[in-house]
Each structure stands twice: as C-alpha cells, then as structure tokens.
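A look at the structure
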Amino acid sequence: MVQEIADEECADEECAAINSLFGVSEIIVPQTHSIQQPWFEEIKVENNYIRFKLDTGSQVNLIPLNAYKTLNINKSWNSTTIKLEAYGGYKFMPLGSIRLKCVVNNIMAWVTFLIINNSTIPILSLEACEKFNLIKRHEKCISMITQCTSQKDNFLIDNSSIFKGMGTFPGEHTIKINPNSQGSIKPARRLPQTLYKDVQVELNKLLKHKIISKVEEPKEWASNLVIIRKPDKKLRLCIDPSELNKSLK
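Residues numbered from 1 in each chain as written. Predicted model: local features only at pLDDT ≥ 70, side-chain atom pairs only at ≥ 80, totals over all residues. Heavy atoms only, no water.

Moving on: the side chain of Asn61. Within the secondary structure, Asn61 sits in strand E5 (residues 61-64). Accessibility expressed as a relative area gives 9% for Asn61, which makes it buried. At 3.1 Å, the side chain of Asn61 and the backbone oxygen of Thr112 are in polar contact. Among the polar contacts listed, one links the side chain of Asn61 to the backbone nitrogen of Ser125, at a separation of 2.8 Å. Filtering out sequence-adjacent residues up to four positions away, Asn61 remains in contact with Val111, Thr112, Phe113, Leu114, Ile123, Leu124, Ser125 and Ala128. (Helix = DSSP H or I, 4+ residues; strand = E, 2+ residues; numbered from the N terminus. Buried < 20%, exposed > 50% of the residue type's maximum accessible area, 1.4 Å probe, protein only. Polar contact = N/O pair within 3.5 Å; in protein donor to acceptor, adjacent residues only side chain to side chain. Contact = heavy atoms within 4.5 Å.)

Laid out in structure tokens, this is it:
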C-alpha cells in the first residue's frame, strides 16, 4: 500500500507563493567531498524512473532539463527568482520550478524541483531524503560528535600556552645531505604586483620573530617561494624544497 503524504498537487498560486518565499534569499547548494561513494536512489517521478544523488548538503531538489524531458508530461514550470550557488562559488539561475509526484519506498509525495539547463546529476535534498525515509538522524552519533568537540575545546583551553605566538621547537636541527649530491639554486619566480606589499609585510614579520634570517652571500641550495592565500585572506609563506628533499640521507 502506498503511503500518501500529500494527495493533491499545489495550485499555481501556491507554487507562486513558494517561489516568492525562496526568491528573497540566496540558496546555497554545496557539493560534499568524501572518500566514500555517493548514495543514489531510483525514484519514480510521474511515470518515469530517474536516478537521484542523495545530497544531504543540498537545500533544494535539482533536475536537469534533459532528465525532465524524459518525463513526457504536459506541465509548464513556474518562473523563479532563486539563485543557486554550488561548491566553489559557481553561481547560476534555474530555468524554473515545478511540483512533481514522486514515489519511493511505498511513499508518495509532491516534491518541488528546480529545473537547470545543464547535464548535472539529479539531486535530492536533505528534506526530501528525510521525507522518503532514505536517511535517518542518529542522536547517539550526534551526541558523540558533540562530546569529542567539547574534549578538543577543553584540551585547547588547558594547554593554551602551547598554542600562543608563532611556536618553536627546542634546540637546533641539522639536515644531512648525501655527499654526492649537487646543490640546486632555483631562479626566483615572478611575484604578482598585487601581492608584493603583502609578501613584504609577512617577510618582515618572519624576520622580526627570527623565524627566517637574511642571507647575504651565495649558497649551495636555494628553493622557490610558495605563496598560499589563507581563508582569512592573509598570506602563508612557504618554500618548495623538492630538489633538496631528493638529496637527503
């Protein structure tokens, strides 16, 4: 027996209301990265079956135009002002929204989909996955994660002195190089003019804290500077010692 969650399709006015509700803000649709294979489910949409990716990080249900055309239904989608943003900041506008009858696990429900004009994988959102009992919330696991987070915070508080300042290791370390190795001096890489000022600030800071020191005479080894922009927009200065690493004992 099919469990019926909603037995009537929404009227045009209701769909329009849904559009206006979502249209006031930006909908974020991140794509999760995991070493595990993503979950998929064959779902009956109207009179056809479509394979959806179960994306618990998505706030909306997506169906690409080519998959929508396979339904062969005489329905017009509604215009929408929703803006989508995928993982990495890529933004795009859907063609429209539509309510479609879906059946999975003997559960029927009307689901609102956004139709997009590309060949992406159809996506089922967290809300829809829960509605069809495709995923389940485990309070015990959430409690364990919260407990682990609390233990980490307590450790940082109890050992706050270790994590202050730049941080150094006691003593000195000597790098031992294979005596048959020849030195390698890499030519300086070009530095974008827009980064010059920020790089100079970071170099002066490292000099001030005696993390690096100036070298006035020629050396046998010289590695390239590597510049990384951190999430807080500041720079992290590193080196690329790949040639030196090849010569270590």
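Nonpolar side chains in soluble globular proteins tend to be buried together. Ranked by internal contacts, the top residues of the largest apolar core, which has 26 residues, are Val45, Ile63, Tyr68, Leu71, Phe113, Leu124 and Phe132. Looking at this core, the elements with two or more residues in it are strand E3 (40-45), strand E4 (48-54), helix H2 (65-69), strand E8 (96-104), strand E9 (107-116) and helix H3 (126-131). Considering every element that reaches this core, the biggest residue donor is E9, with five residues. The residues touching Ile63, leaving out its near neighbours within four places in the chain, are Ile50, Tyr68, Leu71, Phe113, Leu114, Ile115 and Ile116. Counting nine residues, the second-largest nonpolar core is a separate cluster that includes Leu62, Leu84, Ile116 and Ile123. (Core = buried A, V, L, I, M, F, W, Y, C linked by side-chain atoms within 4.5 Å.)

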